[in-house]
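Each chain is listed here by its residues.
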Amino acid sequence: MTNFKKYTFGVVTYAALFLSFNASAQEAPKNWHQLDLKTDGYYGISLNNAYNFVKGKKAKRW
């Protein structure tokens, strides 16, 4: 095989694998950035956990 054929074969194989994996991937929800990795499975800021943490706290006065 020539170098060009090897390169073309590699590119086509990579493209086929990339497209097959992306076709089966789920789309992230619109609020993925607010979700939690442990409970929801998305890398977010865990907004519900943060809200529950500060909900019972009182603000300090200066």
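Residues numbered from 1 in each chain as written. Predicted model: local features only at pLDDT ≥ 70, side-chain atom pairs only at ≥ 80, totals over all residues. Heavy atoms only, no water.

**Considering the overall build of the protein**
Now for step 1: Helices and strands together make up the secondary structure of the protein, namely 3 helices and 0 strands.
Now for step 2: Overall, the protein shows an N-to-C arrangement of helices and strands of α-α-α.
Now for step 3: Out of the 62 residues belonging to the protein, those deemed buried represent 5%.
Now for step 4: Taken as a whole, the protein presents about 6400 Å² of accessible surface, with 63% of it coming from carbon and sulfur. (Helix = DSSP H or I, 4+ residues; strand = E, 2+ residues; numbered from the N terminus. Buried < 20%, exposed > 50% of the residue type's maximum accessible area, 1.4 Å probe, protein only. Areas by Shrake-Rupley, 256 points an atom, 1.4 Å probe, with all protein chains shown as cover.)

**So, a nonpolar patch on the surface**
Now for step 1: On the surface, a cluster of nonpolar side chains totalling about 350 Å² of accessible area is made up of Tyr-51, Phe-53 and Val-54.
Now for step 2: Relative to the elements of secondary structure, Val-54 occurs in helix H3 (residues 47–55).
Now for step 3: When its relative accessible area of 47% is taken as the criterion, Val-54 is described as partly exposed. (Patch = residues over 30% accessible without salt bridge, like charges linked within 9 Å, V, L, I, M, F, W, Y side chains within 5 Å. Salt bridge = Lys/Arg side-chain N within 4 Å of Asp/Glu carboxyl O.)

**Some remarks on the side chain of Asp-36**
Now for step 1: Tracing the backbone shows Asp-36 in the loop between helix H1 (3–24) and helix H2 (37–40).
Now for step 2: No salt bridge is formed by the buried Asp-36. Its closest oppositely charged neighbour is Lys-38, at 6.8 Å.
Now for step 3: The residues touching Asp-36, leaving out its near neighbours within four places in the chain, are Gly-41, Tyr-42, Ser-46 and Asn-49. (Lys, Arg positive; Asp, Glu negative; His and termini not counted. Contact = heavy atoms within 4.5 Å.)

**Considerations on the environment of Leu-35**
Now for step 1: Along the chain, the position of Leu-35 falls in the loop between H1 and H2.
Now for step 2: Residue classification places Leu-35 among the buried positions, given a relative accessible area of 14%.
Now for step 3: Look past the residues within four positions of Leu-35 in its chain and what remains in contact with it is Pro-29, Asp-40, Tyr-42, Gly-44, Ile-45 and Ser-46.

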